[in-house]
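What the coordinates show
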Amino acid sequence: MSSSRNKNLFIVVSFFLWFPHFLYVPILSPYIKSLGGNYSYIGIVLSSYGLMQLLCRLPIGIISDLIKMRKPFVMFGMVASAFSCFIFLFTASLEWILIARALAGVAAASWVAFSVLYPNYFAADEVHRAMGSISFIVVLAQFLGMAFSGYIVDVWGWKAPFWIGAGFSILGAILSFFILEPREGRMKEPVRVRDLMIVMKEPLLLKIALLSILAHSIIFSTIFGFSSNYALEIGFKPAEITFMVFAFMIPHAIATLFMGRVFVPLLGEWKSLRLAFFMTSIITLLIPFVQTKALFLFIQMISGFSLGLIFPLLLGMAIDRIESEKRATAMGAYQALYAIGIFVGPFLVGIFNSLMGIKAGFYFVGILGMVATVLIIGWSMGEVNSKASKEKGNTENYYSIFRRKNNVRRS
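As the structure is a prediction and not an experimental result, all values here were calculated from the model. (Residues numbered from 1 in each chain as written. Predicted model: local features only at pLDDT ≥ 70, side-chain atom pairs only at ≥ 80, totals over all residues. Heavy atoms only, no water.)

1. So, the overall build of the protein chain
Counting secondary structure elements, the protein chain contains 14 helices and 0 strands. Along its sequence from the N terminus, the protein chain presents helices and strands in the succession α-α-α-α-α-α-α-α-α-α-α-α-α-α. For the protein chain, buried positions account for 52% of its 411 residues. Long-range pairs, those at least 24 residues apart, make up 86% of the contacts in the protein chain with a sequence separation of at least 6. Counting only carbon and sulfur atoms, one obtains 68% of the accessible surface of the protein chain, whose full area is about 18700 Å². (Helix = DSSP H or I, 4+ residues; strand = E, 2+ residues; numbered from the N terminus. Buried < 20%, exposed > 50% of the residue type's maximum accessible area, 1.4 Å probe, protein only. Contact = heavy atoms within 4.5 Å. Areas by Shrake-Rupley, 256 points an atom, 1.4 Å probe, with all protein chains shown as cover.)

Shown next as structure tokens:
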């Protein structure tokens, strides 16, 4: 399972899952508008993607753990992705466009199985390295899709991204048949539903999920939300928004590799997380004060790097202490919960922007980053105290046993 072939094949299939959807995301809103959809309907279509993830991720995780298999859900995700692209291709109906985007959300929900299966190609103590690698592929797919979307439409028309996306999805579906899934644990005692319910109440998992909700609120309110609007306000031309994508995404991708190899070994999980959230908060709070293109792009670079540290770190911490046969349930719960941030963050920021102007939204999500930093400080101190108490208890037990043995010998 540790062979490079298996890792590389899995990485390619993972890329083929995400690339098609990010390829058409930047043009989806204007495309729906060109078909006659109003802004309210566009909002419904866009939110359906997150809604289906919220509804499907936990069930996928639970079923995956109960049947002790991940590969069927990987294959299912690729097939759903292909069907989504084909619906976009062969219809101009607004109702079918909604169904296609919702189906893309179902495909994205299969990421639960992807992110639990991939660590099996690594040693038990390399979970963060595995999550850093797989997160890099997601960011790479985001970057390449968003960077070339506008150019593809400009040259070949509205349908071109869907044709390309369908091709990648079909190829990914074919390759997913050849993914190797480890068979260890198949003969173990079946996992009970009661045990899976306990996993979903794991305190550390819930803490990590809350931090992920805050992180997703930030990123979907900034680079995937209103950062482009602010860029246009300070003098960027629509064609120059690509520069913003490059400035954010390249450091974002690089950070996913640094996290598991540099930051966690050097600082530890909680300190790395605290530093990343603090950087994100400060940078986001500074955005409303930026009035030049160069400084705005520099801010995007730092923001991309700091957020690039956060997501793979949270992903690894979500399952690091969970037994392997229950990890899909934990990952399903985690990913379903952070989908709340995809909804709530942009929704609240939109309200703030409408009432007080676009700068208010950046202040709001910057404060969310600071809240996360404070929570991390408190929780990390609790972790340290808990470890100290356990070590003290173990030491006392050792001396107690030692004294008893001595008393027995004397008697």
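On we go.
2. So, empty space enclosed by the protein
Inspection of every chain in the model, using the stated rule, returns 1 cavity of 30 Å³ or more. Empty space within the largest cavity amounts to approximately 30 Å³. Together, E202, L204, L205, M317, A318, R321 and I322 line the largest cavity. Put simply, the parts of the chain that give the lining of the largest cavity at least two residues each are α9 (203–233) and α12 (293–319). A class-by-class count of the residues in the lining of the largest cavity yields 5 nonpolar, no polar and 2 charged. (1 Å grid on protein atoms, 1.4 Å probe; cavity = no way out; pocket = protein on both sides within 12 Å on 5 of 7 lines; lining within 4 Å. Points joined across faces, edges and corners; volume = space filled by probe spheres on them. Nonpolar A, V, L, I, M, F, W, Y, C, P; charged D, E, K, R; others polar.)

3. Considering the packing of helix α1 (residues 4–34) against helix α3 (residues 71–89)
Here α1 crosses α3 at 30°, and the two axes come no closer than 11 Å. As the angle between them shows, α1 and α3 are arranged roughly parallel. When the axes of α1 and α3 are compared, the crossing they make is left-handed. Residue-level contacts link V13, F16, L17, P20, H21, Y24, L28 and Y31 of α1 to V74, G77, M78, S81, S84, C85 and F88 of α3. Looking at side-chain class alone, the contact of α1 with α3 contains 11 nonpolar, 4 polar and no charged residues. (Axes fitted to C-alpha atoms, helices over the stretch in contact; angles between N-to-C directions. Parallel < 35°, antiparallel > 145°, perpendicular 65-115°, else oblique. Left-handed = near helix turned anticlockwise from the far one by under 90°.)

4. Regarding the packing of aromatic side chains
Taken as a whole, this structure holds 23 aromatic pairs when the rule is applied. With 6.1 Å between their ring centres and 5° between their planes, F86 and F90 make a pair best called stacked. With centroids separated by 6.3 Å and ring planes inclined at 65°, the aromatic side chains of F289 and Y363 adopt a geometry described as edge-to-face. Placement of F289 in the loop between α11 (269–286) and α12 and of Y363 in helix α14 (residues 358–410) is noted, with a sequence separation of 74 residues between them. Residue F289 is classed as exposed on the basis of its relative accessible area of 59%. Counting every residue linked through ring pairs, the aromatic cluster contains F10, W18, F22, W111, F114 and Y118. Seen from the ring of Y49, R101 lies directly overhead, with NZ or CZ sitting 3.9 Å from the centre. The ring of F236 carries the charged tip of K293 above its face, separated from the ring centre by 5.7 Å. (Phe/Tyr/Trp six-rings, centres within 6.5 Å; stacked < 30°, edge-to-face > 60°. Lys NZ or Arg CZ within 6 Å of the ring centre and 35° of its normal.)

5. A few points about the environment of I358
Examined against the element boundaries, I358 turns out to sit in helix α14. Taking the C-alpha atoms as reference points, I358 and Y230, 128 residues apart in sequence, are found 7.1 Å from one another. When near neighbours in sequence (up to four residues on either side) are disregarded, I358 contacts F226, N229, Y230, E233 and N353.

6. Overview of helix α7 (residues 160–176)
Helical geometry: 3.6 residues make up each α-helical turn, so side chains three or four residues apart lie on a common side. For α7, which comprises 17 residues, the first-to-last C-alpha distance of 24 Å matches the rise-based estimate of 24 Å (1.5 Å per residue) to within 8%. For α7, the complete set of buried residues consists of A160, P161, F162, G165, A166, S169, G172, A173 and S176. (Expected span 1.5 Å × (residues − 1).)

7. A few points about unusual backbone geometry
Although it is not a glycine, K68 adopts a positive phi angle of roughly 60°. Within the secondary structure layout, K68 lies in the loop between α2 (39–67) and α3.

8. A word on the nonpolar core
One finds W18, I208, L211, W270, L273, F296 and Y334 to be the most contacted residues of the largest nonpolar core, which totals 124 residues. With 16 residues, the single largest contributor to this core is α1. For Y334, the contacting residues outside a window of four places in its chain are L205, I208, A209, S212, L314, L315 and A318. (Core = buried A, V, L, I, M, F, W, Y, C linked by side-chain atoms within 4.5 Å.)

9. A closer look at a nonpolar patch on the surface
Taken together, F246, I250, I254, F258, V262, L266, L267 and L275 make up a surface patch of nonpolar side chains, about 650 Å² in accessible area. Ranked by the residues each element gives to the nonpolar patch, the list is headed by helix α10 (residues 241–267), at 7 residues. (Patch = residues over 30% accessible without salt bridge, like charges linked within 9 Å, V, L, I, M, F, W, Y side chains within 5 Å. Salt bridge = Lys/Arg side-chain N within 4 Å of Asp/Glu carboxyl O.)

10. Section: the confidence of the model for the protein chain
Put simply, the protein chain has an average pLDDT of 82, and 86% of its residues get 70 or more. Element-level pLDDT for the protein chain is lowest in helix α8 (residues 193–200), with a mean of 65, against a maximum mean of 94 in α11. Predicted confidence is poor over residues 185–189, with pLDDT under 50, and the contacts of this stretch with residues over four places away or in other chains come to 6 contacts. (pLDDT = per-residue confidence, 0-100.)

11. Here's the deal with the packing of α9 against α12
In contact at an axis separation of 10 Å, α9 and α12 are set at 155° when each is read in the N-to-C sense. Considering their axes alone, α9 and α12 lie roughly antiparallel with respect to each other. The element α9 and its partner α12 pack so that their crossing is left-handed. Across the contact of α9 with α12, the residue classes tally to 17 nonpolar, 4 polar and no charged.

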